[in-house]
Amino acid sequence: MSEEKSLNFIEEIIENDLAEGKYKSIITRFPPEPNGYLHIGHSKSICLNFGLTQKYGGSTNLRFDDTNPVTEDTEYVESIKEDIKWLGFNWSNEYYASDYFDQLFEYAVTLIKKGFAYVDDSTSEEIALLKGTPTEAGKESFYRQRTIEENINLFNEMKSGKYKDGEKVLRAKIDMTSSNMLMRDPIIYRIKHAHHHRTADKWCLYPMYDFAHGQSDSIENITHSICTLEFIPHRELYDWLISKLEIFPSHQYEFARLNMTYTVMSKRKLLQLVKEGFVSGWDDPRMPTICGLRRKGYTPLSIRNFCDKIGVAKRENLIDLSLLEFCLREDLNHIAKRVMAVLDPLKLVITNYEDGKTELLHSENGPDESMGSREIPFSKELWIEREDFMEEPAKKWFRLAPGAMVRLKSAYIIKCDSFEKDHNGNVAVIHCTYFPESKSGQDTSGISVKGTIHWVSVIHAATAEVRLYDRLLKSENPAAEEGDFKDYINPDSLEIIKEAYIEPSLSDATFEDRFQFIRKGYFCLDKDTANGQLVFNRTVTLKDAWSKEVKKG
RNA sequence: UGGGUUAUUGUGUAAAGGUAGCACUACAGAUUUUGAUUCUGUCUGUCUAGGUUCGAAUCCUAGUAACCCAACCA
């Protein structure tokens, strides 16, 4: 722990600012637009913004950037708040850009009075045409010459509802020849006769992002306004507006957003997956949304650790999904209760075990003694995993095969004597004998076996539906592939096992529980569980050296 | 063809002119009543070409590549 972790570039900026006395303490903000659900990419920003003030002191606001009433809704506000809380962060203040609409309007009037803004009657097509291109300068609008007085009147009329959507806009008067397209007289207010989820019908004109975000930062005294790389061109405008308005100088810093292998992150694509039925909803466990990950069984700590490990820098990145899974397993390994469940059952009969006898066997709940232990019923007939038996054993196989011995976890060592097949030629029953003196914890048999397999007693087994998830997309970088990302959807991303056999203790499972189904992976209860019908989601598989061995051939 | 940003191993991230480190992945081995966990080890990297310097990932010059910018979205 004595190792000093190196700082990311934003931490360096902050430490410098603090050391130079530029600020006594810092204020950051997380500013989502309430028009969709948060995803793992947002968690990078959340961990960064909240993490910075946890580390350096100060406060972090949650601010909804709700300047576009037609796309936004309180449904999203609620889900966003729930997700942030679940991740483990508490905001100092809950603000809304819409709280500042009156103030923002006054700022716009100020800008007009200073001669830095004007009302433009051009159509959006005309404005686009005069804007030029990245390689060609734009041309000034005919309306750019309006007097301050005329602009004030017009702007007030816009507010009063005199004009229809699109009839007029307010533009900042900057420079139509700027090499930065955003400085070519950007639109800062537009007319929208639309119902806003918070201000209702009070307004019919709304500020654009560029005239709301920086100003909101300034109103809240945000010292470090952290956003993603694509906003770099906005910074010049951000600074220009603050300087013309002569308000608190917040500063914008940009970092590279998270990209992850086998995952799409854009709101548009995630929406398509939901709308077109590729997944069951925003919280489908295959989705990279926070609610999807939560439902799948991810823990807040695993996501926070992940965000910590990926770092913060300015270059484009594509993070291995395996790093996220590593962080997940690392946490789950500590907290998950070990239990036994058979997903693909094969019957095993212990021929020398007394008919009708039941034994309660002692089994530890986890590697850590503090997790306690429980009793598991054992009897003559058991379910074992079909893949744990091989009629003709492969090389290095140390599970069950004719003549082979294995230990039944927490129970006895058994030897396979014979097996039966059904009329389809599939193995139907395995016959074994057990060694009474090999009982777990009091083994005096002197037999040592290489393999240990899990099992569930047939007459004591409970049943559950188990849902196994694989990656939704087959391509490492679906966004970079040619054609539609949907061409790369994995058709086998969901496997439903309608009736798996689980040990009876699992009947009492709660939604908070995290389980490791021994040798099969980490699981948790799904919200579809109802009326005693248990439904489990596989959160993540265990690392599997055997399947790699098989692939090697 | 304009402007901006970025380039360190398979992936991500450190090294502020002085030993290119760490994590994930992959691979090999040890331990194991989970082929898990744990432990040990291995793993061809500074975009290119010049230059400055005793010494360059870092400084200079010239290139190259990737990403972003022409929504009344954020």
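Just above, that's the structure.
Let us look at the structure shown here.

Turning next to the overall build of chain A. Each helix and strand in chain A was counted, giving 13 helices and 25 strands. Rg of the C-alpha trace for chain A: 31 Å, well past the compact-globule value of 24 Å for 553 residues, more than 25% over. When the backbone C-alpha atoms are referred to their principal axes, chain A occupies close to 100 × 55 × 45 Å. Look at the contacts in chain A between residues 6 or more apart in sequence, and 70% of them connect residues 24 or more apart. Just so you have it, chain A exposes about 26000 Å², and 48% of that area is on carbon and sulfur atoms.

Across 2 bridges, strand β11 (residues 341–342) lies against strand β22 (residues 494–502) in antiparallel orientation. Bridged to Val-342 within β22 is Tyr-501. Where strand β21 (residues 462–469) and β22 come together, 7 bridges link them in antiparallel fashion. Its bridge partner being in β22, Ala-462 is matched across the sheet by Ile-502.

Turning to the environment of Asp-492, a few remarks are in order. Here Asp-492 lies in the loop between β21 and β22. For Asp-492, a relative accessible area of 58% translates into the label exposed.

Our next topic: the sheet that holds strand β3 (residues 93–96). With parallel pairing, the 3 strands of this open sheet are ordered in space as β1-β2-β3. Each edge of the sheet is formed by a strand with only one pairing partner; in this case those strands are β1 (27–30) and β3. Mean inter-strand twist for the sheet, computed between neighbouring axes without regard to direction, equals 30 degrees. One ladder, built from 4 bridges, connects β1 with strand β2 (residues 59–64); its direction is parallel. Along β2, the bridge assignment pairs Phe-30 with Leu-62. Its contacts with the sheet place helix α3 (residues 74–87) against β1, β2 and β3, and it is angled at close to 155 degrees to β2.

What follows concerns the protein's contact with RNA strand B. Neighbouring RNA strand B are 61 residues, the closest being Arg-315, Arg-338, Arg-399, Ser-440 and Gln-516. Each atom of RNA strand B within 4 Å of the protein was classed as base or backbone; sugar and phosphate made up 62%. Taking Ser-122, its main chain carries an N or O atom lying 3.3 Å from a base nitrogen of RNA strand B. A distance of 3.4 Å is found between a sugar or linking oxygen of RNA strand B and a side-chain nitrogen or oxygen belonging to Lys-409.

Quick look at the sheet that holds β11 now. Whenever strands of a sheet pair, they do so through backbone hydrogen bonds, lying parallel or antiparallel. With mixed pairing, the 7 strands of this open sheet are ordered in space as β10-β23-β24-β25-β21-β22-β11. Where the open sheet ends on each side, the last strands, each with one partner, are β10 (337–339) and β11. Examined bridge by bridge, β10 and strand β23 (residues 515–517) share 3 bridges and lie parallel to one another. The residue of β23 that forms the bridge with Arg-338 is Gln-516. Helix α12 (residues 321–335) rests against β10, β24 (521–525) and β25 (535–540) of the sheet, and its axis sits at about 120 degrees to β25.

Moving on, we get to the nonpolar core. Membership of the largest hydrophobic core comes to 36 residues, with the highest contact counts inside it found for Ile-40, Ile-46, Ile-84, Met-260, Ile-303 and Phe-306. Listing elements by their share of this core, those giving two or more residues are α2 (40–56), β2, α3, α10 (290–296), α11 (300–310) and α12. Apart from residues no more than four positions distant in its own chain, Ile-46 is found in contact with Phe-30, Leu-38, Gly-51, Ile-84, Leu-87 and Phe-89. One finds Tyr-163, Trp-203, Tyr-206 and Tyr-238 within the second-largest nonpolar core, a separate group that totals 35 residues.

So, on to the pairing of strand β15 (residues 381–385). Counting buried positions over the 5 residues of β15 gives 4, a clear majority of the element. Pairing of strand β12 (residues 345–350) with β15, which is carried by 5 bridges, proceeds in the antiparallel orientation. Bridged to Val-349 within β15 is Glu-381. One ladder, built from 3 bridges, connects β15 with strand β20 (residues 455–457); its direction is antiparallel. If you follow Ile-384 over to β20, its bridge partner there is Trp-455.

The next thing to look at is the environment of Leu-332. Along the chain, the position of Leu-332 falls in helix α12. Using a relative accessible area of 1% as the deciding quantity, one classes Leu-332 as buried. Taking the C-alpha atoms as reference points, Leu-332 and Phe-523, 191 residues apart in sequence, are found 9.6 Å from one another. When sequence neighbours within four positions are dropped, the list of residues in contact with Leu-332 reads Gly-297, Thr-299, Arg-338, Arg-514, Tyr-522, Thr-539 and Val-540.

Each value, and the rule that gives it
Residues numbered from 1 in each chain as written. Chains lettered and ligands numbered in written order. Predicted model: local features only at pLDDT ≥ 70, side-chain atom pairs only at ≥ 80, totals over all residues. Heavy atoms only, no water. Helix = DSSP H or I, 4+ residues; strand = E, 2+ residues; numbered from the N terminus. Rg over C-alpha atoms; globule rule 2.2 N^0.38 Å. Contact = heavy atoms within 4.5 Å. Areas by Shrake-Rupley, 256 points an atom, 1.4 Å probe, with all protein chains shown as cover. Pairing = 2+ DSSP bridges. Buried < 20%, exposed > 50% of the residue type's maximum accessible area, 1.4 Å probe, protein only. Axes fitted to C-alpha atoms, helices over the stretch in contact; angles between N-to-C directions. Near = heavy atom within 4 Å. Polar contact = N/O pair within 3.5 Å; in protein donor to acceptor, adjacent residues only side chain to side chain. Core = buried A, V, L, I, M, F, W, Y, C linked by side-chain atoms within 4.5 Å.

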